[in-house]
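Here is what each chain is made of, one letter per residue.
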Amino acid sequence: MYGVSGTGSDVGEEWGARAARSRALAVLRVRGRALGLAVLPAAVAVVLYAGGVTGHFTGSGWDAARWVVTVLAVLVLIAATAVALVVARARPAATPTVELAETAAPDLYRLVRDLADRLDVPAPAAIALTPDCDSWLEDRTHRAHRALRTPGGEGESEGAPVLVIGSPFLWWMRVGELRAVLAPVVAGTGPAAQPDIAAARRFVRGLDAAVAVPGTSGLDPVRRIGAGAVGQVARVLLRACRGHAAEMERGVAVAGSERAQAVDYGVRIVAQEQVGLAYAGWDRLLTRVALPAWRMGRWPAKLDAGVVSALTELSRRDRLADGFSSRLGERPACDLLEEPGAVDEAASLLAARLFHGGPAAPGPDWSPVEWSQYPEEVVDRKWRTDAARLHQVLDGLGLADGTARGAGGERVAEGPTLTRVIAHLATEPTKSADARAEADTDAALDAGAGVGTADTADTADTADAADTTDAAGADTDTDAEDATDLDADLDLGGRPPGRRPRGRPAGGGGGVAGSRPPGPPACSASARSPTPSARPPGTCGCSGTRAPPPRTSPASSPPDASPPTCCCAPPRRSRCSATRRG
C-alpha cells in the first residue's frame, strides 16, 4: 500500500479509498453469487449421491432424481465454463492513442516519475497521447494489450496502468501547469494497485468485452448462437454490478484528488482555466478548420500547433486575458518531447481517424497539408466548389447564355464570374408562365371576394333599415303593408334575381312580423348577376317611381332625402354603409 505524502498512512485509511474498496468487494460478491449459482446443481447432485451411498436416499424415485440433477449439473457447469472462458479471453476495448516511448519523451517520463514520488504512488507503466482535451489512467494489463504497449522503463510495474494525456494540453500548457493538472490523475495509481479494486476492474472489463463478442465478424452460425447466449449472461451480470462499479471509480477519483492536494494545489486552480480555454479552442479548430480539409481528402498535419497559434492570438487581443499573455514566456510542455513535430503529426492523423473516419495511414487520396498551404489547398478550393454550385443554380434559372444585364442596363460578361452573380441579385427576377398564371388566378379570386364583401355590406344596410322600421311600432303598420304589396308586385315585375327592396330584412319579413313567409337567404356573389339589368321607367307595369323606405315619424324627414326613383333602377347605396365599409 501507498500512504498519503507526509503522513505514512495506508491507502485504506483515506475515505475515498475505503469507499472504492467496499464497492469493489460488492462487485466481487456479484461474481461470487454467479459462481455459486453455477455450482448449485452439482452440489445437489453430490448430496443425492452421498445419500444413496449412506442408504438414506434409496429407491427408484431417488435414482431418477439423481440422474436428472446430474445431467442438469453437467449442462450448467459446461455453460458456466463457456461463459468464464469467454469473459477471460475477450479482448477489452482500448482507446486509440499515440504511444510514447521513453526515448521519445525522456523529460516527460522524468516529470511523471517525480510526480509519482512526491505523491508516494507507483509510477504509470507507460505514457500515451490522445487527440482530446482529457487525461486518465487506462488499464492495459490484458495480454492482447500488453503485446502492443510500449514499456516505459525498467522500474515500472507491469500491473500499473497507462497514463493517457491529451495532446492539446502538451502544446498549450506550461510545464508547471501540466504537472499540476496531472497530479490527481497520477495519484489514481495508488488505489489501482489495491488487489480488490484491480480484480473488480478486470471482471467488469471482461463482462463488457463479452457483451460485444456476438458482433464479432467471422463467426459461423453455431458459434454465433453460443456467443449470443454468453452475451446475454454477461449483460445480466454487468447490469447487476454496474452501480457498484460506478461508485468504485468515483471513490478512486476522490482518493486521488485528496492525495494530490499536497502538490501544486494553487497552480492547479489557475491551470483549470487553461483546460477550459484549450477545450474551447480545440473544439472550434476541429469543427471550423479541420473538418473542411478532411472532407476534401486532406488532413492538417499540425493541429496542436494550430490551436496554440489561435489561442495565443486570442489571448493577445482579449483585454481580459492580460494575465494569460504573461504565461506565454514560460516553457511549454511540448518541449518535454524530443520531436514535437512528429508527435503532432501522428496525433493529427489519429484525430482525423477518430473524428472523421479517415484512413489510418496517409495515401494518394488522404495526404497531409501544412498550415502555410492551407489557404491555397483548402480555402480556395472550397470557395471554388461553392461558386461552381452557385453558378450551376444560376444555369438552372436560365442565365447560362450570359444575357443578364446589371442594374445600369449594361451587358454582363459571360461565364462564371462574380459580376454575373451580383447582376443576378440586383436584377428583379422575371416571372415564368406558371407564376403569371397563378398570379392571374389569385387576382380573380380576390375580385370575387370583393363582390361578396359588397353584397354583405348591402345586406347589412337592409337589416339596419328593417330594425328602424320595427322600432316605429303601430304607426307604420299600414305603410309596411303597402310596401309589402308593392314588393310582391315588383317581384313579379322584373327585378334582378336575388335583389331585395331597400328596407326589408334578410329573412324576407316586412315591417310587420308574420306579414310574409320567409324567403330565400340573401344572395351571394355566385348567385347574383354581375351587372344588374335596369328597365326604362314605365315598362315594368309600375308607376315609374319607387316608394321611399318607411320613416320612423311622418313629421321628420332626413335633410338629404333623395327624390323617388324608378323601381327598375339599381338601388343606391347609403352613405352610412359606405362609411362602415370604409
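How each quantity is defined
- Residues numbered from 1 in each chain as written.
- Predicted model: local features only at pLDDT ≥ 70, side-chain atom pairs only at ≥ 80, totals over all residues.
- Heavy atoms only, no water.
- Helix = DSSP H or I, 4+ residues; strand = E, 2+ residues; numbered from the N terminus.
- Buried < 20%, exposed > 50% of the residue type's maximum accessible area, 1.4 Å probe, protein only.
- Contact = heavy atoms within 4.5 Å.
- Salt bridge = Lys/Arg side-chain N within 4 Å of Asp/Glu carboxyl O.
- Axes fitted to C-alpha atoms, helices over the stretch in contact; angles between N-to-C directions.
- Parallel < 35°, antiparallel > 145°, perpendicular 65-115°, else oblique.
- Left-handed = near helix turned anticlockwise from the far one by under 90°.
- Patch = residues over 30% accessible without salt bridge, like charges linked within 9 Å, V, L, I, M, F, W, Y side chains within 5 Å.
- Areas by Shrake-Rupley, 256 points an atom, 1.4 Å probe, with all protein chains shown as cover.
- Pairing = 2+ DSSP bridges.
- Expected span 1.5 Å × (residues − 1).
- Bend = angle between axes of the 7 residues up to and from the residue.
- Phe/Tyr/Trp six-rings, centres within 6.5 Å; stacked < 30°, edge-to-face > 60°.
- Lys NZ or Arg CZ within 6 Å of the ring centre and 35° of its normal.
- pLDDT = per-residue confidence, 0-100.
- Core = buried A, V, L, I, M, F, W, Y, C linked by side-chain atoms within 4.5 Å.
- Nonpolar A, V, L, I, M, F, W, Y, C, P; charged D, E, K, R; others polar.

## Quick notes on the overall build of the chain
No. 1: When helices and strands are counted, the chain shows 18 helices and six strands.
No. 2: Within the chain, the proportion of its 582 residues that are buried is 35%.
No. 3: For the chain, long-range pairs separated by at least 24 residues make up 76% of all intrachain contacts whose partners lie at least 6 apart in sequence.

## Observations concerning the pattern of salt bridges
No. 1: The full count for this structure, using the stated rule, is 15 salt bridges.
No. 2: With a closest N to O distance of 2.8 Å, arginine 250 and glutamate 247 form a salt bridge. Of the two residues, arginine 250 and glutamate 247 both sit in helix α9 (residues 221-260), three residues apart, roughly one turn of that helix.
No. 3: On the basis of relative accessibility, which here comes to 47%, the residue arginine 250 falls in the partly exposed class.
No. 4: Each of Glu99, Glu138 and Arg140 takes part in a single network of salt bridges with overlapping partners.

## Digging into the side chain of arginine 298
No. 1: Residue placement: arginine 298 occurs in strand β5 (residues 298-300).
No. 2: Since its relative accessible area comes to 13%, arginine 298 is described here as buried.
No. 3: Residue contacts for arginine 298: discarding those within four places in its chain leaves Ala293, Trp366, Ser367, Pro368, Val369 and Glu377.

## What about the packing of helix α8 (residues 195-211) against α9?
No. 1: The interhelical angle for the contact between α8 and α9, taken along N-to-C directions, is 140°, at an axis separation of 9 Å. Relative to α9, α8 is oriented oblique. Like other packed secondary-structure pairs, α8 and α9 cross with a definite hand, here left-handed. In contact with Ile197, Ala200, Arg201, Phe203, Val204, Leu207, Asp208, Ala210 and Val211 of α8, α9 contributes Gly231, Ala234, Arg235, Leu237, Leu238, Cys241, Ala245, Met248, Glu249 and Val252.

## Section: a nonpolar patch on the surface
No. 1: A surface patch of nonpolar side chains, about 240 Å² in accessible area, is lined by Leu35, Val39 and Leu77.
No. 2: Tracing the backbone shows leucine 77 in helix α2 (residues 60-89).

## Focus: the pairing of strand β4 (residues 162-166)
No. 1: Judged by how many residues are buried, β4 sits mostly within the fold: five of five residues are covered.
No. 2: Here strand β2 (residues 126-130) runs beside β4; their pairing, made up of five bridges, is parallel. Note on β4: the bridge partner recorded for isoleucine 127 is leucine 163.
No. 3: Summarising the sheet, strand β3 (residues 135-138) and β4 pair through four bridges and their orientation is antiparallel. Residue pairing in the sheet places tryptophan 136 in a bridge with valine 164 of β4.

## Remarks on helix α10 (residues 265-295)
No. 1: The end-to-end C-alpha distance of α10, which contains 31 residues, comes to 43 Å, matching closely the 45 Å that a straight helix rising 1.5 Å per residue would cover.
No. 2: Roughly 35° is the biggest bend found in α10, and it falls at valine 289, with proline proline 292 one to four residues downstream.

## Description of helix α13 (residues 340-356)
No. 1: Under the 1.5 Å per step criterion, the end-to-end length of α13 is 23 Å for 17 residues, consistent within 8% with the ideal 24 Å.
No. 2: Note on α13: the residue one or two positions beyond its end, glycine 357, has a positive phi of about 80°.

## Focus: the packing of aromatic side chains
No. 1: This model, assessed by the stated rule, comprises two aromatic pairs.
No. 2: Ring centres of phenylalanine 57 and tryptophan 62 lie 4.3 Å apart, and the angle between their planes is 20°; this geometry places the pair in the stacked category.
No. 3: The class of phenylalanine 57 is partly exposed, set by a relative accessible area of 24%.
No. 4: Judged by centre distance (5.6 Å) and plane angle (55°), the ring pair of tryptophan 371 and tyrosine 374 falls under tilted.
No. 5: For tryptophan 371, a relative accessible area of 28% puts it in the partly exposed group.
No. 6: The aromatic ring of phenylalanine 203 is capped on one face by arginine 31, whose charged end is 5.9 Å from the ring centroid.

## Quick word on the confidence of the model for the chain
No. 1: Averaged over all residues, the pLDDT of the chain equals 74, while 63% of them reach at least 70.
No. 2: This model gives residues 451-457 a pLDDT under 50, and the stretch forms eight contacts once residues within four places in sequence are excluded.
No. 3: Low pLDDT, under 50, characterises residues 573-582; the stretch is placed with 14 contacts to residues that sit more than four places away or in other chains.

## Overview of the nonpolar core
No. 1: Counting 58 residues, the largest nonpolar core has Leu108, Ile165, Leu170, Leu178 and Val186 as its most contacted members.
No. 2: At eight residues, α10 tops the list of elements feeding residues into this core.
No. 3: Once you skip the residues sitting within four places of it in the chain, leucine 170 turns out to touch Leu108, Leu129, Ile165, Leu178, Ala333, Cys334 and Leu337.
No. 4: In terms of nonpolar packing, the next biggest core, distinct from the first, is built from 21 residues, Ala24, Ile197, Leu207 and Leu237 among them.

## Focus on the packing of α10 against α13
No. 1: With their axes 11 Å apart at the nearest point, α10 and α13 run at an angle of 90° to one another. Taken together, the axis directions place α10 and α13 in an arrangement best described as roughly perpendicular. Residues Leu286, Leu291, Trp294 and Arg295 of α10 lie in contact with α13, whose contacting residues are Ala351, Ala352, Phe355 and His356.
No. 2: When its residues are assigned to classes, the contact of α10 with α13 shows six nonpolar, one polar and one charged.

## Some details on the sheet that holds β4
Two pairing modes exist for strands in a sheet, parallel and antiparallel, and in both the strands are linked by backbone hydrogen bonds.
No. 1: Taken in spatial order, the four strands of this open sheet run β1-β2-β4-β3, and their pairing is mixed. Two strands bound the open sheet, and with one partner strand each, they are β1 (98-100) and β3. The mean angle between the axes of side-by-side strands here comes to 30°, regardless of whether they run parallel or antiparallel.
No. 2: Across the sheet, helix α3 (residues 106-119) is in contact with β1, β2 and β4; its angle to β2 comes to roughly 115°.

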